[in-house]
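# Examining the three-dimensional arrangement
Below are the chains, spelled out letter by letter.
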Amino acid sequence: MFDDTHWMDSSSWALLNAVRGRVQPLLLVLTTRPMAETDPNFSKIESYLKDLESLTELTRPDIDELIRNQLGVTGQVEYTLSSAITTRSGGNPFFAKGFVTSFVEQGVLDISKDKIELAEGMRIADVDFPSSVETLITSRIDRLPVADQMLLKVAAVVACAGSFTEAQLPPMLKAGGLELPAGKTILAVLRSLRDADMLSCASSKLGNAAFGFKHASVQAVACHVLSQELKLKLHRAAAEDCEAQYGALADPSEASGELLQLLAHHWRRAEGARGDGLSSRKAGTYLLLCGDRAMAAASASEASLHFTEALEIATSLESQEHEVGPLLRRLGECHVQQGNYTAAGKCLDRALVRMGGEEVALLQISEREVKSRLDAVRAQQFREQAIEAVATPLKRIGSLLRKNSKGSSSKGSSPSLLRFSSCSSSASSSETGTPRESEETEVLQTPGPPPSEGKDLKLMELALAYELMSRVAMQEHDVSLASYCATRALQLGQQLEHLTPVVARAYASLCLTSAADKRQREALRFKDLALSSCKVKRLC
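Residues numbered from 1 in each chain as written. Predicted model: local features only at pLDDT ≥ 70, side-chain atom pairs only at ≥ 80, totals over all residues. Heavy atoms only, no water.

### Some remarks on the packing of helix H4 (residues 79-89) against helix H5 (residues 93-106)
The condition is simple: Fitting a line to C-alpha atoms yields each axis, with helices limited to the stretch in contact; the angle taken between N-to-C directions then spans 0 to 180 degrees. Numbering goes from the N terminus for both helices and strands, where a helix is a DSSP run of H or I of at least four residues and a strand is a run of E of at least two. Relative orientations are named as follows: roughly parallel for angles under 35 degrees, roughly antiparallel for angles over 145 degrees, roughly perpendicular for angles from 65 to 115 degrees, and oblique for any other angle. Helix crossings fall into two classes, left-handed where the near helix is turned counterclockwise from the far one by less than a right angle and right-handed where it is turned clockwise. It only takes one pair of heavy atoms within 4.5 Å for two residues to be counted as in contact.
Close contact between H4 and H5 brings their axes to 9 Å; oriented N to C, the two are set at 130 degrees. The orientation of H4 relative to H5 falls into the category oblique. The crossing of H4 and H5 is right-handed. In contact with Leu81, Ile85, Arg88 and Ser89 of H4, H5 contributes Phe95, Ala96, Phe99, Val100 and Phe103.

### Thoughts on the packing of aromatic side chains
Threshold: Each pair of aromatic rings taken from Phe, Tyr and Trp, with Trp reduced to its six-membered ring, is defined by centres within 6.5 Å and is described as stacked if the planes are under 30 degrees apart, edge-to-face if over 60, and tilted in the remaining cases. Partly exposed describes any residue whose relative accessible area lies between the buried limit of under 20% and the exposed limit of over 50%, with all areas from a 1.4 Å probe on protein chains only and scaled to the type maximum. Whether a charge lies above a ring is judged from NZ of Lys or CZ of Arg, which has to be within 6 Å of the ring centre and within 35 degrees of the ring normal.
Scanning the entire structure with this criterion turns up eight aromatic pairs. Look at Trp13 and Phe42: their rings are 5.0 Å apart centre to centre, the planes differ by 65 degrees, and that puts the pair in the edge-to-face class. Here Phe42 lies in helix H2 (residues 40-46) and Trp13 lies in helix H1 (residues 10-22), a separation of 29 residues in the sequence. Taken as a pair, Trp13 and Phe42 share a single burial class, namely buried. Ring geometry for Phe164 and Phe211: centres 6.3 Å apart, planes at 20 degrees, overall stacked. Taken together, the positions of Phe164 in strand E3 (residues 163-165) and Phe211 in strand E5 (residues 210-213) put the pair 47 residues apart, joining distant regions of the chain. The exposure class assigned to Phe164 is buried, which follows from its relative accessible area of 3%. Among the aromatic side chains, those forming a connected cluster through ring pairs are Phe164, Phe211 and Phe213. The cationic tip of Arg525 hangs over the ring face of Phe526; the distance from NZ or CZ to the ring centre is 4.7 Å.

### Thoughts on the confidence of the model for the chain
So the rule is basically this: On a range of 0 to 100, pLDDT expresses the predictor's confidence in each residue.
Averaged over all residues, the pLDDT of the chain is 83; the fraction at 70 or higher stands at 86%. Of the regions scoring below 50 in pLDDT, residues 408-420 engages in 31 contacts with residues more than four places distant in sequence or in other chains. Contacts of residues 422-443 to residues separated by more than four positions or lying in other chains number 55 contacts, the stretch itself having pLDDT below 50.

### A closer look at the pairing of strand E4 (residues 199-203)
Applied cut-off: Should DSSP find at least two bridges between two strands, the strands are taken to pair.
Strand direction decides the pairing type here: E4 and E5, joined by four bridges, are antiparallel. Its bridge partner lying in E5, Cys201 is registered against Phe211. Where E4 folds back onto E5 in an antiparallel hairpin, the turn is made up of six residues, including Gly207, whose phi is positive at roughly 85 degrees.

### A few points about helix H7 (residues 146-158)
This is how the line gets drawn: To estimate how far a helix should extend, the number of its residues minus one is multiplied by 1.5 Å.
In this model H7 runs 19 Å from its N-terminal to its C-terminal C-alpha over 13 residues, within 8% of the 18 Å that 1.5 Å per residue would give. Taking burial as the measure, the 13 residues of H7 include 12 buried ones, the bulk of the element.

### Regarding the sheet that holds E3
Judged by pairing direction, the sheet is antiparallel, and its three strands sit side by side in the order E3-E5-E4 without closing on themselves. A single partner strand is all that each edge strand has here, and the edge strands are E3 and E4. Between one strand axis and the next, the sheet turns by 30 degrees as a mean value, whatever way the strands run.

### Some points on the nonpolar core
We apply this condition: To define a nonpolar core, start from buried Ala, Val, Leu, Ile, Met, Phe, Trp, Tyr and Cys residues and group those joined through side-chain atoms within 4.5 Å.
Ranked by internal contacts, the top residues of the largest apolar core, which has 40 residues, are Leu352, Leu362, Tyr466, Leu481, Tyr484, Cys485 and Tyr507. Breaking this core down by element, the ones donating at least two residues are helix H16 (341-354), helix H17 (367-406), helix H19 (454-475), helix H20 (479-493), helix H21 (501-516) and helix H22 (520-535). Looking at this core, the element that brings in the most residues is H19, giving 11 residues. Setting aside chain neighbours within four positions, we find Cys485 in contact with Leu362, Tyr466, Glu467, Met469 and Ser470.

### Examining the pattern of salt bridges
Oppositely charged side chains may form a pair once their charged atoms are brought near each other. Quick note on the threshold: Basic side-chain nitrogens of Lys or Arg form a salt bridge, by our definition, when they fall within 4 Å of a carboxyl oxygen of Asp or Glu.
Per the stated rule, a full pass over the model turns up 19 salt bridges. As a salt-bridge pair, Arg60 and Asp64 come within 2.9 Å of each other at their nearest N and O atoms. Here the residue Arg60 and the residue Asp64 both occupy positions in helix H3 (residues 60-71), the gap between them amounting to four residues, near one helical turn. Since its relative accessible area comes to 27%, Arg60 is described here as partly exposed. For Glu65, the salt bridge identified is with Arg68, shortest N-O distance 3.0 Å. Note that Glu65 and Arg68 are positioned in helix H3 at a spacing of three residues, about one turn of the helix. Looking at Glu65, the relative accessible area reads 39%, which means it is partly exposed. Look at the salt bridges and you will find they share partners, linking Asp292, Arg329, Arg330, Glu333 and Glu461 into a network.

### With respect to helix H11 (residues 228-247)
Along its 20 residues, H11 runs 28 Å from first to last C-alpha, staying within 8% of the 28 Å computed at 1.5 Å per residue. Turning to H11, its buried residues number three or more, namely Leu230, Lys231, Leu232, Leu234, His235, Ala237, Ala238, Ala239, Cys242 and Tyr246. Considering only its buried residues, H11 is in contact with H7, helix H8 (169-175), helix H10 (216-224), helix H12 (257-268) and helix H13 (278-296).

### Looking at the pairing of E5
Neither face of E5 is left uncovered, since the one carrying Ala210 and Gly212 and the one carrying Phe211 and Phe213 both have all their residues buried. Two strands pair when backbone bridges link them, and E3 and E5 are joined in this way by three bridges, in the antiparallel orientation. Across the sheet, the residue bridging to Ser163 is Gly212, located in E5.

### Comments concerning unusual backbone geometry
The step from Gln24 to Pro25 runs through a cis peptide bond, and the omega angle for that step is -5 degrees. Relative to the assigned elements, Pro25 resides in the loop between H1 and H2. Positive phi outside glycine occurs at Asp197, with the angle close to 65 degrees. Tracing the backbone shows Asp197 in the loop between helix H9 (186-195) and E4. On the basis of relative accessible area, Asp197 is assigned to the buried category, the value being 14%. The phi angle at His477 is positive, at roughly 65 degrees, despite the residue not being glycine. Checked against the element boundaries, His477 lands in the loop between H19 and H20.

What follows is the structure, given as structure tokens:
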């Protein structure tokens, strides 16, 4: 049984759908609220469901039963009372219980005769019904003890996705200059809030119990009533506390996805109107890490949300303009993973312009101009190849001389240095499909990890954007644009210090474009080069 599946990420839906397809027989019970965007894998699972029941709003008899259970009374509920609660709550059980609790606290209900009715002398018109759900929650918060109110409001700021732990609260209280009354403990107050139906207890672990807000509206209202100054202080304190945990890790890559999301959440909200942008920059950094982590877990829809928020920050801060292009590239990749090629093309087109790959957006130029650019790129590669053809023998002679000087007794061997040509018109493979080293390899690139900083990182981002754009163009049957982008991706990938997977993928794209243009010999050559570059230390 899977409860609250509206919170599930796309990779979890994909896993569940894969299990459904492989495990038979299988009984699945899912509960979910209506979702604004339905995951494709949920739609696939939904088509196999035998019984699908939509829970509608509670009717008046349902509300009567709910009120009896809440108050522990078996008798009848006064008709005018239950009708008013049903209407005002919209049939929502949480809101209906809130009205009942509010009436009990105000002393307007009489349950002494094992019936639920208005107190003597009261009429339904005399009952002060809150005008909205927010007003209802605010009035209930106002009637809580001072300590309960204070801790509820602090927890509303600390909680990310509605949940928090007992251990998170002490540093927040200190940061806000707040203290509980003498004799009160955090756990005791949290339990009091649970009993007041404001919180629910998710875990009672000694010293670090976990709690969650009973409803998102409770958290929203409790947070809203805090002053902006105090909210900024609390968010900054929470962010600094999480950052201390992050900094204490031996390897930052070991940070949990939950910790990264907390860092992004709190830094994003710690920036005041007159801030210097530091909090926003930090939020952008952690949102980028969250997005990359989600992409690694095949959760493209979640990654897209993180990258979109990071992009909003980058475009609003002049100091972060250099991040706009790489973020657009990542967003484009998210769309590619989700099969949304139109949106992917728009993002990648903007990324190429932002990162200096193109002066004018590729989607705005004619097919003739694209072909002209492709011819220019190929001509440039031919020129480079001609120069390298002269220089390569000299490099090899120098390499042999260096090996000679080290002596022939050396037992170690250096890794092979490879670079594959994309423009030679000669055959590139033997009958077995293996590239002939004398014709297709040059001593230029060595296998290694992708770059993490500097000029090579910028080249890598640009190469990735071109390679993704090539895939999008092929999906749109624009072979000329696909060929141009794949050639540019290969050109840039070969400028990197180390041989990386983008080179193999560029060759694979060129194989497809050549086959689409019915250049079979060239397609086979690119296929061989793609496979050969993959085999080098298993890059792909």
